[in-house]
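Structure at a glance
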Amino acid sequence: MGTSQPSLWSQQLDMEVMTPLIESPGQAGSEENTDEDGDPELLPVRQYDPGNRHGITFSQALIHLLKGNIGTGLLGLPLAVRNAGLIVGPLCLVLMGVVCVHCMHILVQCSHQLCERLKRPPMGYSDTVAFAMEHSSYKCFRRSSHFGRHLVNFFLVLTQLGFCSAYFVFLAENIKQIVEGYQGNVTLDAAGSLPPFANATADSARASPPPGEPWDLDLRLYMLFFLPFLIVLVFMRDLKNMAVLSFTANVAMAISVVIIFQQIMVDFGEERLPLTSPPAKFPFFFGTAIFAFEGIGVVLPLENQMNEPKRFPMALNIGMSIVTVLYVALATLGYLHFGNDIKGSITLNLPHNSWTNQMVKILYSFGVFVSFAIQFFVPAEILLPPLRARLRESWKGPCEMLLRGLLVCVTFSWAVLIPRLDLVISLVGAVSSSALALVFPPLVELITYSDRPVRPAMLVKDLLIAVVGFVGFLAGTYVTLAELIAPEGVGAAEGRARLNLTSAKPALNFDLPGGTAATLG
């Protein structure tokens, strides 16, 4: 009983930090900022109050960094390496990790600079962008500060809803494989006991379908099955009530990753894999990789909540180094193991004939299911406060529930329109993640320090990163939309194969008495 209280507090703290993109200025700062917390005019009032007065330790910050970066994108990285090549893919993953970490450091440094200059409490992402523009030496930026805040919030909402759409597709594809794999095993078992059935007459053979025939359900029906459960899940407005679920989901996903590594390290295929891929495929790699490095929104809230903020850069370097090594290892080994047959999620490549493989899909699907509510919390808390401010008290509750349900339906609609996990991940990464991770931070640095002479090296570096992010945004969006309109890739071949499999049911051949041949299916 002596350890239950600290454990519960730790789980609640996990939930508080796993809402990474919510701004909590003036409330999650360290003890050094207590003099500024009493002024309500410093920053806009937020609905989310983490209530963390003690601060988090170095090790807790490290754990939260790992949680904020390891998600569904991890499982899609082997396909990303396929789209870049066996040598180019891992090298570019490392390079992208270095650039993303540098952009995280930029964001933290700019936030510190603005807080010290303006005597304000710790700020979040959109506040950092807004105040950098508001106090810029250029008049055009000062006039556009509110637009900057709304632009960042727009991409935050778009990114998080995109994650939720990817979760819809992930859940549907994995549960579909689990169900069909189980039904397929039952069919094989039934086929193995055909001799007694072979004595039946031809009429009864034609009238009775083979036992255990696999279900032939469209992927979108599995999405529809999850829709009401996810709507009920997001009706939980206080994430502290989900602390135990979140802890269990983290454990389940960790176990799944360990089992996946055990599977892919056993042996490698004999297929000779290309060291580089055609340049036209590289934008798919960019979108998937930048989707995986999704943790830039975790950075400022974590740094603001640390009891030793000066140690956060070290925690960031260590945590992101572990994440990058994990990404490169799983991406490379997964591609080496499954070769060109790799799918949008490595779990979809695991065979159906092993209970451990099915357990991996179940455990990771459970983790993704719970993560849906956590990711959904961010756009809900950005969009709901303006709505609540315009409604009477009696209408606030019902209208909030209605908007939450409608937002889930929006993510469901996106998933139905793009029922391919690889394309959903690539599109979300190219459209929104690239802006938050690569485009905005270097531009914010240039705006923040516009009141002093800018070093040429910093100017070239920031412009180069922003241009690469913008080009990746354009190219990734274009190739993904082109693939949606005219499918040509592996995912399209898989889709056509799935249609062929569902239209051509398995046939069971046997001989009836009298030498008559009969076929079922």
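To start, this report covers the structure provided alongside it. (Residues numbered from 1 in each chain as written. Predicted model: local features only at pLDDT ≥ 70, side-chain atom pairs only at ≥ 80, totals over all residues. Heavy atoms only, no water.)

1. What to know about the overall build of the chain
Regarding its fold elements, the chain presents 20 helices and 2 strands. Here the chain holds 521 residues, and the buried ones make up 54% of them. Carbon and sulfur atoms make up 65% of the accessible area of the chain, which totals about 23800 Å². (Helix = DSSP H or I, 4+ residues; strand = E, 2+ residues; numbered from the N terminus. Buried < 20%, exposed > 50% of the residue type's maximum accessible area, 1.4 Å probe, protein only. Areas by Shrake-Rupley, 256 points an atom, 1.4 Å probe, with all protein chains shown as cover.)

2. Considering the nonpolar core
L93, F168, F372, F376 and V408 are the most contacted members of the largest nonpolar core, which has 129 residues in total. Of the residues forming this core, the biggest block, 16 residues, is contributed by helix α18 (residues 421-448). With residues up to four places along the chain from it excluded, the contact list for L93 reads L77, V81, F285, A289, F293, T324, Y327, V328 and A331. (Core = buried A, V, L, I, M, F, W, Y, C linked by side-chain atoms within 4.5 Å. Contact = heavy atoms within 4.5 Å.)

3. Quick notes on the pattern of salt bridges
Taken as a whole, this structure holds 13 salt bridges when the rule is applied. Here E483 and R420 are joined by a salt bridge, their closest N and O atoms 3.2 Å apart. Residue E483 is located in helix α19 (residues 456-485), and its partner R420 is located in the loop between α17 (393-417) and α18; the two are separated by 63 residues in the primary sequence. Overall, the relative accessible area of 7% leaves E483 in the buried class. We note a salt bridge from E445 to K461, for which the minimum N-O separation is 3.1 Å. (Salt bridge = Lys/Arg side-chain N within 4 Å of Asp/Glu carboxyl O.)

4. Re a nonpolar patch on the surface
A contiguous nonpolar surface patch, about 280 Å² in accessible area, is contributed by L443, V454, L459 and L463. Following the sequence through the fold, V454 ends up in the loop between α18 and α19. Note on V454: relative accessible area 31%, which makes it partly exposed. (Patch = residues over 30% accessible without salt bridge, like charges linked within 9 Å, V, L, I, M, F, W, Y side chains within 5 Å.)

5. What about the packing of helix α13 (residues 282-292) against α19?
Where α13 meets α19, the axes come as close as 8 Å, and the angle between the chain directions of the two elements is 110 degrees. With respect to α19, the element α13 is oriented roughly perpendicular. In this structure, α13 crosses over α19, and the sense of that crossing is left-handed. On α19, the residues that touch P283, F284 and F286 of α13 are V468, G469, G472, F473, A475, G476, V479, T480 and E483. Classifying every residue of the contact of α13 with α19 by side-chain character gives 7 nonpolar, 4 polar and 1 charged. (Axes fitted to C-alpha atoms, helices over the stretch in contact; angles between N-to-C directions. Parallel < 35°, antiparallel > 145°, perpendicular 65-115°, else oblique. Left-handed = near helix turned anticlockwise from the far one by under 90°. Nonpolar A, V, L, I, M, F, W, Y, C, P; charged D, E, K, R; others polar.)

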